[in-house]
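If you want the building blocks of each chain, they are given just below.
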Amino acid sequence: MLAKTMAGLEQPLADELVELGVKDPVIGNRAITFKANHELTYKVNLWSRLALRFLRKVDEFTISDAQGLYDGMGKTPWFKIIGVDQTFRIDNTISSDFFNSPLYAVQLAKDAIVDQFRRRFNKRPSIEKEYPDFTLLLAIKQNHCTVYLDSTGDALFKRGYRISTVAAPINEVLAAGILRISGWKPEIPLIDPMCGSGTFPVEAALMGMNIPPGFKRNHFGFMKWPDFQTMAWKKCKAGIFREQKDVELAIYGYDVSKRNLEIAKENIRLLRMHKDIHLEHMDFLQLDPPEPNGIIIMNPPYGERLIKENMQAFYRNIGDTLKKKFQGYTAWIVSSDMDSLKHIGLKPSSKHTVFNGKLECKLLSFKLY
Ligand SMILES: C[S@@+](CC[C@H](N)C(=O)[O-])C[C@H]1O[C@@H](n2cnc3c(N)ncnc32)[C@H](O)[C@@H]1O
């Protein structure tokens, strides 16, 4: 299997996969490879908070020219995987001198598959860009081709719990990754003073109660696989209720925007987590710590909205407030505004580079003595 994630989350994802029962994960670039049977494939899709998707390796071969791709693809018995009346799509990551355009490689791979069907059945599965039954990933690095079958469907950050959203929400996978990097545990108070739509509080509550992030999803790619094991999947889903923990959580979310706080409230109420997450309308600069110590995770607004000097002053005020009022806490700040981050005025204890979608961000931690 190949697990895909965001840059900077590889090691935390490998640790998470080991907790889920994976043996000897191998860390790559935004990816982890490991071995899995059906049960484990279903389990990691349902339970992983840090992966974007999981793909099963179907074939691997080397080529000496473009025709080699057509020949290699033709050797996989696609007719045993894809039904003739089903649909598929081929995604790609290609860097090879044999192909001057990735589309040419995808076209050859597609031809190899449909020609195989035509020869056997005089019929062929069709291409569907939006909602295909199967998504293949064709990865070519120079002369080395690997073909994967996507087991996930919609990317795993689409948890299905976000009903409404704010202007710049943090990606759910990144939020879960930051919580994990921060070392937050359910018994530690967690404060998100700029919670927006409530992604950090919700991801933390899901972690604390041991509810899988995919608990609201009804569909995963593997359900269309010809060897899908319904019983194994049912068993995996039945585990959700068994694993759930009834814990006391101290999770606090605040926001200066009434509108954003209403959005967080709506999301959290629909998840029936309104008793587990304390939400309040508050300017961080006026906030008094609700607990004597804990972890603060903060995703302040960045760039565009405020003019630069205002933004720098705002970040300076964040630093001052942390310094004056939040002794005993560890604060984690994630932002893409590298210039303003320098104005926090505290010495970071750690620095990570992470990505919110395509946006490069710094994740800094500050121990407040
Ligand atoms: C980048 S968004 C946070 C997004 C959030 N992490 C999410 O996933 O939805 C920044 C948030 O900070 C809030 N904010 C800005 N200034 C604030 C302040 N002084 N005190 C509290 N919240 C503030 C904004 O209203 C906005 O909701």
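Just so you know, these numbers come straight off a predicted model, no measurement behind them.

Chemist: Sorry if this is basic, but what is going on with the sheet that holds strand β13 (residues 329-335) here?
Modeler: Pairing between sheet strands relies on hydrogen bonds along the backbone, with the strands arranged either parallel or antiparallel. Ordered by their spatial adjacency, seven strands build an open sheet running β11-β10-β9-β12-β13-β15-β14, and the pairing between neighbours is mixed. The open sheet has two free edges, formed respectively by β11 (277-281) and β14 (350-356), since each of these has just one partner strand. Each adjacent strand pair in this sheet contributes to an overall mean axis angle of 20°, direction not counted. Bridge count between strand β10 (residues 251-255) and β11: five bridges; the pairing is parallel. Its bridge partner being in β11, G253 is matched across the sheet by L279.

Chemist: Can you walk me through the site of the ligand in this structure?
Modeler: S197, T199, D255, N260 and D283 are the nearest of the 21 residues found near the ligand. One of the side-chain nitrogen or oxygen atoms of D255 is found 2.6 Å away from an oxygen atom of the ligand. Contact between the ligand and N299: a nitrogen atom at 3.0 Å from a side-chain N or O atom of the residue. Here the ligand, which alone exposes 600 Å², has 91% of that area covered by the protein. Class assignment for the residues of the shell around the ligand results in 13 nonpolar, six polar and two charged.

Chemist: What am I meant to see in the pattern of salt bridges here?
Modeler: Any two side chains of opposite charge can pair if their charged atoms end up close together. For the coordinates displayed, the defined rule picks out 14 salt bridges. Across the salt bridge formed by E60 and K57, the nearest N and O atoms sit 2.9 Å from each other. Under the relative-accessibility criterion, E60 is labelled partly exposed at 40%. Between E203 and R159 there is a salt bridge, with its nearest N and O atoms 3.1 Å apart. Of this pair, E203 sits in helix α6 (residues 199-208) while R159 sits in the loop between β8 (144-150) and α5 (172-182), and the two are 44 residues apart along the sequence.

Chemist: Looking at this structure, how should I read the pairing of β8?
Modeler: For a regular strand, side chains alternate in direction, first toward one face of the sheet and then toward the other. Of all seven residues making up β8, six are buried, and the element is well covered by its neighbours. As judged from the six bridges shared by strand β7 (residues 134-141) and β8, these two strands associate in the antiparallel manner. Across the sheet, residue L138 finds its bridge partner in β8, namely V147. Joining the antiparallel neighbours β7 and β8 is a turn of two residues, in which Q142 adopts a positive phi near 50°.

Chemist: Looking at this structure, how should I read the pairing of β7?
Modeler: Counting buried residues along β7, seven of its eight residues qualify, which places the element largely inside the surrounding structure. Both strand β5 (residues 87-95) and β7 contribute to a ladder of eight bridges, which runs parallel. Note on β7: the bridge partner recorded for R89 is T135.

Chemist: Explanation requested: unusual backbone geometry in the structure shown.
Modeler: Peptide bonds are mostly trans, and most non-glycine residues show a negative phi. Not every positive phi belongs to a glycine, and N122 is a case in point at roughly 60°. Looking at the element boundaries, N122 is found in the loop between α4 (102-121) and β6 (126-127). Residue N122 is classed as exposed on the basis of its relative accessible area, which comes to 69%. Located in the positive-phi region is N210, a residue other than glycine, with phi close to 55°. Looking at where N210 falls in the secondary structure, it is placed in the loop between α6 and α7 (230-243).

What counts and how
Residues numbered from 1 in each chain as written. Predicted model: local features only at pLDDT ≥ 70, side-chain atom pairs only at ≥ 80, totals over all residues. Heavy atoms only, no water. Pairing = 2+ DSSP bridges. Helix = DSSP H or I, 4+ residues; strand = E, 2+ residues; numbered from the N terminus. Axes fitted to C-alpha atoms, helices over the stretch in contact; angles between N-to-C directions. Near = heavy atom within 4 Å. Polar contact = N/O pair within 3.5 Å; in protein donor to acceptor, adjacent residues only side chain to side chain. Areas by Shrake-Rupley, 256 points an atom, 1.4 Å probe, with all protein chains shown as cover. Nonpolar A, V, L, I, M, F, W, Y, C, P; charged D, E, K, R; others polar. Salt bridge = Lys/Arg side-chain N within 4 Å of Asp/Glu carboxyl O. Buried < 20%, exposed > 50% of the residue type's maximum accessible area, 1.4 Å probe, protein only.

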